[in-house]
Amino acid sequence: MHRIKAIIENTFKEGLRQRILLLLIVFTLLLIVMSVFLEPFALGESPKIMRDLGLAAASLFGVLTTIIVGSALIHKDIEKRTLYTVLAKPVRRSEIVLGKFLGLGALVCLLVLAMLLIHQLVIFLYEGSFDFHLLIAFPFTILEVGVMLGILLLFSSFSSTTLTSIMGVIFFVIGHALPDLKLFAETTKAPALKHIAYAFYYVLPNLDNFNFRMDLAYKAPLPTDQLIFSICYGIMYTVFLLYVTTLIFERREFK
Amino acid sequence: MLFRDLTNTICDLVLYKVIILGIFLEMENAIRLEDIRRSFKNHFWQKETEVLKGITLDIHPGEVFGFLGPNGAGKTTTIKIITGLIRPDSGRATIFGMAPSSLQARQRIGFLPESPYFYEHLTGFEFLKIHASLSNRINADQEINGLLERVGLDRARKVQLRSYSRGMLQRIGIAQALIGAPDLLILDEPLTGLDPIGRKEIKDLILEEKKKGTTIFFSSHILPDAEAVCDRVGIVIEGQIREVGKLSDLLKKGLPTDEISLEEWFVRHIQKPGIS
Ligand SMILES: Nc1ncnc2c1ncn2[C@@H]1O[C@H](COP(=O)(O)OP(=O)(O)O)[C@@H](O)[C@H]1O
Ligand SMILES: [Mg+2]
């Protein structure tokens, strides 16, 4: 346990001390604050855009931080060989994977929560009351971050860090475009294409499963079955990714 | 009669086994390399080049062994195989009779990589603390402070590694390797890139550890490095061990003793191969 704890602590501290983090935080805060100024332009939709945009900003912040800071840390570990002294200690490779995951995960968790609380504050200042209902988005953003982190770790376990960051972005984009792919699969006439599209739809991580922002912003009743499915999906997908990562990482050479 | 013979034979057999086992335990090598081969390709379309061409070597417990050879001879590759960072294509490497990948083996070693680059956001103390935890040393603050003092970094303990000098990094790297008082130290080019004072400090550390009975395996491409500290040296050229033995014996064969790097000597001897 103390070995995983040491890696978690190190990853957390290292992530926190990345300068790029500051840029991401400022950018997100700007988006959140900006959403207030967009309110008057949103006509009938008035109280919604501030909510939707704020939640989207916090979620985007979580994923971007995961990809950018995650890639930076992995880059140091592998390309700059900071991991060598760690690997020579009596520590399992699986402990390293898990420690990295939990360390970065905890960091992003805290930062996303901070962003959501600032969002609440902005709503409070604008409307005179909080809207804690929106915080339901938090666990789902974290599930999305977990899957993205799993993808990053998976690619870093066998490929270069450049490829890892590229794949991070690609999977993020694809992950949110999968509903469109499904639509395509349902409507296309060519049976071969249909099968391929469905195959991709079911295998690739569907990040849209974690998006309940519309429902939350419009205070629509939340689809309970979808919430439960989303939680199971996120946890299972992440565990699977970490498991495969560990299998590959255990075989990895450090040339 | 037959019965007596039989019991005698059995007794003898048992005795032999005990003796052989005793010798085996006594002589259990700190490092054993058996015909290690390893190839690399630089690009996937290129042909593989064999970097290690059958390295066989035994490092005995308690000795200081200098693994010498010019740049590109395969020293780092060999050390990576010993520490389990890479695997040999064929052959076998063991540490105290165990596979490098086993946790028990790694519990007993300390490793300083070549031109190490550490987590620069950590302070010297934090860095050692993490490596202590990874070595299963909890509540190791006292040990860490002692190590910082030993490598002369006690005043830099709260400084982030990003502002450490080359020599300081090398010393914190050695401190990290010394955590948990390992039985075997593996140091890849511990003296390279240091000024004469830095070299002296590290050599003194090696000698201190030697006095404690620690086995030390270190690589260098500079011959005089080995003189002061080594019991034995091995000379590796182009992935093959050319010479193993006491340095004094090898020097009689015409190795240079002055401050020129082994490189020049190697260049001359590669041109007329077969010095042994
Ligand atoms: N990962 C690698 N890929 C391709 N070639 C490598 C790799 N690592 C080492 N080599 C080659 O193997 C040879 C030996 O390298 P190395 O073990 O680092 O030598 P030394 O440590 O003795 O200077 C060199 O020619 C080097 O170019
Ligand atoms: Mg080297």
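Residues numbered from 1 in each chain as written. Chains lettered and ligands numbered in written order. Predicted model: local features only at pLDDT ≥ 70, side-chain atom pairs only at ≥ 80, totals over all residues. Heavy atoms only, no water.

Student: Explain the overall build of chain A here, please?
Tutor: Within chain A, the regular secondary structure consists of 10 helices and 0 strands. Sequence-ordered secondary structure for chain A, helices as α and strands as β, is α-α-α-α-α-α-α-α-α-α. Each principal axis of the C-alpha distribution contributes one length, and for chain A these read about 60 × 50 × 30 Å. Residues classed as buried in chain A amount to 50% of the 255 residues present. A fraction of 78% describes how many contacts in chain A between residues 6 or more apart in sequence connect residues 24 or more apart. Total accessible area on chain A stands at roughly 12,000 Å², and carbon and sulfur atoms take up 75% of it. (Helix = DSSP H or I, 4+ residues; strand = E, 2+ residues; numbered from the N terminus. Buried < 20%, exposed > 50% of the residue type's maximum accessible area, 1.4 Å probe, protein only. Contact = heavy atoms within 4.5 Å. Areas by Shrake-Rupley, 256 points an atom, 1.4 Å probe, with all protein chains shown as cover.)

Student: Is there a simple way to explain the coordination of the magnesium ion (ligand 2) in this structure?
Tutor: Octahedral six-donor coordination of a metal ideally yields angles of 90 or 180 degrees, compared with 109.5 degrees for tetrahedral four-donor coordination. Looking at the metal site, the magnesium ion (ligand 2) is ligated by Thr76 of chain B (OG1) and Glu114 of chain B (OE), spaced 2.0 to 2.5 Å from it. Residue Thr76 of chain B is located in helix 2 (residues 75-82), and its partner Glu114 of chain B is located in the loop between strand 5 (109-112) and helix 4 (124-134); the two are separated by 38 residues in the primary sequence. (Donors = N, O, S within 2.8 Å, 3.2 Å for Na, K, Ca; no water.)

Student: I tried to follow the site of ligand 1 on my own but got confused; where do I start?
Tutor: Ligand 1 sits among Lys255 of chain A together with Phe40, Asn42, Val51, Pro70, Asn71, Gly72, Ala73, Gly74, Lys75, Thr76 and Thr77 of chain B. Residue neighbours of ligand 1 fall on chains A and B, so the site bridges chains. At a separation of 2.8 Å, an oxygen atom of ligand 1 approaches a polar backbone atom of Lys75 of chain B. Residue Thr76 of chain B places a side-chain N or O atom 2.7 Å away from an oxygen atom belonging to ligand 1. Burial of ligand 1 by the protein chains amounts to 69% of its free accessible area of 550 Å². Partitioned by chemical class, the residues of the shell around ligand 1 number 4 nonpolar, 6 polar and 2 charged. (Near = heavy atom within 4 Å. Polar contact = N/O pair within 3.5 Å; in protein donor to acceptor, adjacent residues only side chain to side chain. Nonpolar A, V, L, I, M, F, W, Y, C, P; charged D, E, K, R; others polar.)

Student: When you look at the pairing of strand 9 (residues 240-245) of chain B in this model, what are you seeing that I'm missing?
Tutor: As a general feature of sheets, a regular strand has side chains that alternate between the two faces. All names here are of chain B. Where strand 8 (residues 232-237) meets strand 9, 5 bridges bridge the pair, whose relative direction is antiparallel. Within strand 9, the residue paired with Ile235 across the bridge is Glu243. Counting the residues between successive antiparallel strands, the hairpin from strand 8 to strand 9 contains 2 residues, one of them, Glu238, with a positive phi of roughly 50°. (Pairing = 2+ DSSP bridges.)

Student: What is the right way to look at the sheet that holds strand 1 (residues 31-40) of chain B in this model?
Tutor: Hydrogen bonds between backbone groups are what pair the strands of a sheet, and the pairing can be parallel or antiparallel. Residue and element names in this part refer to chain B. The 3 strands lie next to each other as 2-1-4, forming an open sheet whose pairing is antiparallel. Pairing within the sheet leaves two strands with one partner each, and these edge strands are strand 2 (49-59) and strand 4 (90-95). If you compare each strand with its neighbour and ignore which way they point, the axes differ by 25° on average. One ladder, built from 8 bridges, connects strand 1 with strand 2; its direction is antiparallel. Paired with Arg32 across the bridge in strand 2 is Asp58. Strands in contact with helix 2 are strand 1, strand 2 and strand 4; relative to strand 1, the strand with the most contacts, it is inclined by about 120°. (Axes fitted to C-alpha atoms, helices over the stretch in contact; angles between N-to-C directions.)

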